[in-house]
Amino acid sequence: MDIINTKEMSKDDIVAVLDRAAEIEPSDALDGDVLALLFFEPSTRTRMSFDTAMKRLGGDTVDMGSVESSSVKKGETLADTVRVVEGYADAIVLRHPREGAARLAAEFVDVPVINAGDGAGHHPTQTLLDLYTVRDNVAAALGDLHVGIMGDLKYGRTVHSLAFALAKFGARITFVSPPSLRVPENVRTELGRAGIEFKEVDGVDDVIDTLDVLYATRIQKERFPDEKEYEKVAGEYRVTPETLETARDDLVLMHPLPRVDEIAPDVDETRHAKYFEQAHNGVPVRMAVLDMVM
Ligand code: NCD
């Protein structure tokens, strides 16, 4: 079983992971198993929480290390790399700058492939920990929520995976971004097909008082073809204590992290801030994922 994107997971699959994550305890369930960590792009949380999760289940990890220090530097193709790594490990976690990389890798190997981010495409396990965090902090059912997703909706893979998953639950979504960074057509089409009510607005001020969750994201500078385009939008869409003045008391503020400038540090002390808790939830959620996949 591979985990490539949330679009291909059913609502039941998602709930099963969240339920498992809520009860999972350290064990020796994966004793003797090895998980390969292949990160062709920078990562802190995803890499370390997969590593921790595997070890908490009694398993081990092998890490390719940086692209700079691997044979990728010599021109090896992704297909060859994963075929070799398949001989060393029982499952592969892959992050790659190219959209579709995880799908491609999965075609070449028999061991499970978990997509840890493919370019501007998808990041399914991030969504699982996002939903876990929402469920932990909001009493209402996922389908009854109004979720604001703000920032770089075009290149942000966490946004795409989250939107697909929320659509399955029937949540209401408001996308907040500059016109140049709206959600891509494929996401729009999918939401339309699911019959999801969604809105697109330029600023959060008019909707903040109706949101259950505000999901802020980083402007994905590394994916901008033109640096000037980046300069135009950098710094907008920043959450400050003023932004939250009219928010509901129980608004949950999330961010996949790393943040650059999107959330002012003085928001960290407010009751809304859940992004560090969210990052910590990466461990139980990825334990549940590994437990189910391996
Ligand atoms: C995200 C990613 O890599 O897509 N980070 C993460 O895994 N938590 C978000 C980002 O880089 O902005």
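Residues numbered from 1 in each chain as written. Predicted model: local features only at pLDDT ≥ 70, side-chain atom pairs only at ≥ 80, totals over all residues. Heavy atoms only, no water.

Explanation requested: unusual backbone geometry in the structure shown.
Negative phi characterises most residues that are not glycine, and trans characterises most peptide bonds. With an omega of 5°, the peptide bond between L257 and P258 qualifies as cis. Note on placement: P258 falls in the loop between β9 (252-254) and α9 (275-280). We note that Y237 has phi near 60°; this positive angle belongs to a residue other than glycine. Judged by relative accessible area, which is 14%, Y237 ranks as buried. Here the phi dihedral of L257 falls at roughly 65°; this positive angle occurs in a residue that is not glycine. The topology assignment puts L257 in the loop between β9 and α9. (Helix = DSSP H or I, 4+ residues; strand = E, 2+ residues; numbered from the N terminus. Buried < 20%, exposed > 50% of the residue type's maximum accessible area, 1.4 Å probe, protein only.)

Hey, could you run me through the domain arrangement of the chain in this one?
Assigned domains of the chain: these are domain 1 (11-122 + 281-293) and domain 2 (124-280). A straight line from the C-alpha centre of domain 1 to that of domain 2 covers 25 Å. At the interface, 29 residues of domain 1 touch 26 residues of domain 2. Summing both sides of the interface, domain 1 and domain 2 together bury roughly 2300 Å²; the carbon and sulfur share of this comes to 59%. (Domains from an automatic or database assignment. Contact = heavy atoms within 4.5 Å. Buried area = accessible area lost by both parts, 1.4 Å probe.)

Teacher, can you tell me more about the layout of surface pockets here?
Where empty space is left becomes clear once a probe the size of a water molecule has been rolled over the atoms. In this structure, the largest pocket encloses a volume near 390 Å³. For the lining of the largest pocket, the secondary structure elements donating two or more residues are α2 (45-56) and α6 (157-169). The class makeup of the residues in the lining of the largest pocket is four nonpolar, ten polar and seven charged. Viewed by domain, the lining of the largest pocket spans two of them, domain 1 (11-122 + 281-293) and domain 2 (124-280), each represented by three or more residues. The computed volume of the second largest pocket comes to approximately 180 Å³. In terms of lining residues, the second largest pocket is bounded by 13 residues, among which L38, M64, T81, V85 and Y88 are the most central. Elements with a minimum of two residues in the lining of the second largest pocket: β1 (34-39), β2 (60-63) and α3 (78-85). Looking at the lining of the second largest pocket residue by residue, the class counts come to eight nonpolar, three polar and two charged. (1 Å grid on protein atoms, 1.4 Å probe; cavity = no way out; pocket = protein on both sides within 12 Å on 5 of 7 lines; lining within 4 Å. Points joined across faces, edges and corners; volume = space filled by probe spheres on them. Nonpolar A, V, L, I, M, F, W, Y, C, P; charged D, E, K, R; others polar.)

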